[in-house]
Amino acid sequence: MALELVRLQAVPKPWGSRDLQPWSGVDHHGAAIGEIWLQRLDPALDPALLFKLLFTSEALSIQVHPDDDAAHAMGLARGKTEAWYVLAAEPGATVAVGLKSSLSQAQLRAAIEDGSICQRMSWRTAAAGDVIFVPAGTIHAIGPGLVLAEIQQRSDTTFRLFDYGRERELHIEPGVAVAHAGPAAGQAPTRRLSDARTLLLATAFFSFERFELAPESLWKLRAQAETWLLVIAGEGRIGPWRAQMGEGWFVQAETTHLAAGRTGLTCLVAYDAALPSHDLLRPIAVRNTTTPAHSTSHRPLLPAAGANTQSPTTEARA
């Protein structure tokens, strides 16, 4: 059983940003931060998923991640399938998922060597609210001017194929070996599960949702599987803690309350299940004989807890 206000790890990156507002108030001492990882309080624990924020002021490398089978063959615990939710995008910001057409391994090596891999990528304009699925083995890239929320299998195995001339190590042979060098697989559209829940994506490794809780509403969260929440708009309370933008929670085998404030509360929610949980979120109707139903959400809730903790790290990803 676990209910935790997560620890936030700020990860410096050469392509990162020094302006994290309004998405995060983490203290980064003026460093260019590329990622903020949501971490459990006990660093010895090994969850199945990793939730993070990405901030890009430059393009990331063109890269690929192994699937489970390839990862196991390398002695790794798991592969890396991921999904992105676009929180903010500057005009013209782009991402690439997959190639325009299929290439042989020899053709892929040649495209990497002569730089034409950039033109062979399937680039698309990104806009706030977009949901983008990146299955393991899919060649992908993220351009500048973006803030993304990313949910992924908990793995830091990244093979850089092309890095725009930056003097960082490339991993061409292992990357070519695990890549599905062709167009990306199709992606199911988002769908409403209820007035408050939207299913963004369901994969073999995680389900990904958006909660949009109406102002001053009260809810019961029943999380059996490993579950991560990230506040992206509004304010309120999650369990005993005051909830504000950029804060995150870990919940597993636990039931707790979510209370939306006067402007409502919007969260991204990811959990370790291939299908959406129908019992994950339920409204709480509070009634008594003296108070109208529409005003019951003004009743006091649990007291606020202490502030979150942040710990900088230099752990690399891309």
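Residues numbered from 1 in each chain as written. Predicted model: local features only at pLDDT ≥ 70, side-chain atom pairs only at ≥ 80, totals over all residues. Heavy atoms only, no water.

Caption draft 1: Fine view of the overall build of the chain. Assigned secondary structure in the chain consists of four helices and 21 strands. In the chain, which comprises 318 residues, the share counted as buried stands at 53%. For the chain, the proportion of contacts with a sequence separation of at least 24, taken over those separated by at least 6, is 76%. Counting only carbon and sulfur atoms, one obtains 52% of the accessible surface of the chain, whose full area is about 13900 Å². (Helix = DSSP H or I, 4+ residues; strand = E, 2+ residues; numbered from the N terminus. Buried < 20%, exposed > 50% of the residue type's maximum accessible area, 1.4 Å probe, protein only. Contact = heavy atoms within 4.5 Å. Areas by Shrake-Rupley, 256 points an atom, 1.4 Å probe, with all protein chains shown as cover.)

Caption draft 2: Examining unusual backbone geometry more closely. Residue Gln21 is joined to Pro22 through a cis peptide bond whose omega torsion reads 0°. Phi is positive for Tyr164, close to 55°, though the residue is something other than glycine. Within the element layout of this structure, Tyr164 appears in the loop between strand 12 (159–162) and helix 4 (172–178). For Glu216, which is not glycine, the phi dihedral falls at a positive 60°. With respect to the helices and strands, Glu216 occurs in the loop between strand 15 (207–213) and strand 16 (218–223). Of the residues examined, Glu216 reaches a relative accessible area of 23% and is grouped as partly exposed.

Caption draft 3: Looking closely at the packing of aromatic side chains. Taken as a whole and assessed by the stated rule, the structure comprises three aromatic pairs. Pairing Phe51 with Phe208 gives two aromatic rings, centres 6.1 Å apart and planes at 80°, and the pair type is edge-to-face. Pair noted here: Phe51 is in strand 4 (residues 49–56) and Phe208 is in strand 15, with a separation of 157 residues, a long-range link. Residue classification places Phe51 among the buried residues on the basis of a relative accessible area of 0%. Judged by its relative accessible area of 0%, Phe208 falls in the buried class. Summarising the aromatic geometry, the rings of Trp228 and Phe250 are spaced 4.9 Å apart at their centres and angled 70° between planes, so their arrangement reads as edge-to-face. A residue pair is termed long-range when its members are at least 10 positions apart, and Trp228 in strand 17 (residues 227–238) and Phe250 in strand 19 (residues 248–252) qualify at 22 residues. (Phe/Tyr/Trp six-rings, centres within 6.5 Å; stacked < 30°, edge-to-face > 60°.)

Caption draft 4: Representation of helix 2 (residues 105–114) in the model. Taken together, the buried positions of helix 2 are Leu108, Ala111 and Ile112. The buried residues of helix 2 occupy one face: seen down the axis, they fall within an arc of 100°. Looking at helix 2, the residues exposed on the side facing more than 90 degrees away from the buried face are Ala106, Glu113 and Asp114. Where helix 2 is buried, its residues touch helix 3 (117–120), strand 12 and helix 4. (Arc of directions from axis to C-beta.)

Caption draft 5: Just the nonpolar core, in detail. Among the nonpolar cores identified, the biggest contains 32 residues, and Phe51, Tyr85 and Phe208 are the most heavily contacted of them. The element contributing the most residues to this core is strand 4, with four residues. Aside from chain neighbours lying at most four places away, what touches Phe51 is Ile36, Trp37, Leu38, Ala149, Glu150, Ile151, Phe208, Trp228, Leu230, Leu268 and Ala270. Counting residues in hydrophobic clusters, the runner-up holds 22 residues, among them Trp219, Leu221, Val251 and Leu265. (Core = buried A, V, L, I, M, F, W, Y, C linked by side-chain atoms within 4.5 Å.)

Caption draft 6: Expanded view of the environment of Trp249. Relative to the assigned elements, Trp249 resides in strand 19. Taking the C-alpha atoms as reference points, Trp249 and Val231, 18 residues apart in sequence, are found 8.9 Å from one another. For Trp249, the residues in contact, after removing those within four places along its chain, are Glu4, Leu5, Val6, Thr227, Trp228, Leu229, Val231, Ile238, Trp241, Arg242 and Ala243.

Caption draft 7: View of the pattern of salt bridges. As enumerated under the stated definition, the model contains 14 salt bridges in all. Arg40 is the salt-bridge partner of Glu4, the closest N and O atoms lying 2.6 Å from each other. Highlighted residues: Glu4 in strand 1 (residues 2–5) and Arg40 in the loop between strand 3 (33–39) and strand 4, separated in sequence by 36 residues. A single burial state applies to Glu4 and to Arg40, both of which are buried. Its salt-bridge partner being Lys52, residue Glu35 comes within 3.4 Å of it at the nearest N-O pair. Taken together, the positions of Glu35 in strand 3 and Lys52 in strand 4 put the pair 17 residues apart, joining distant regions of the chain. (Salt bridge = Lys/Arg side-chain N within 4 Å of Asp/Glu carboxyl O.)

Caption draft 8: Up close: the sheet that holds strand 6 (residues 82–89). Pairing within the open sheet is antiparallel, and its six strands lie in the order 2-3-4-11-6-9. Every other strand in the sheet has two partners, leaving strand 2 (7–17) and strand 9 (131–134) as the edge strands with one partner each. Adjacent strand axes in the sheet meet at a mean angle of 20°, parallel and antiparallel pairs treated alike. (Pairing = 2+ DSSP bridges. Axes fitted to C-alpha atoms, helices over the stretch in contact; angles between N-to-C directions.)

Caption draft 9: Main features of the environment of Pro66. Along the chain, Pro66 turns up in the loop between strand 5 (62–64) and helix 1 (68–73). Remark: the alpha-carbon pair of Pro66 and Thr81, spanning 15 residues in sequence, is separated by 8.3 Å. For Pro66, the residues in contact, after removing those within four places along its chain, are Ala71, Met74, Gly79, Lys80, Ala136, Thr157, Phe159 and Val178.

Functional significance is not addressed by these values, which are geometric in nature.
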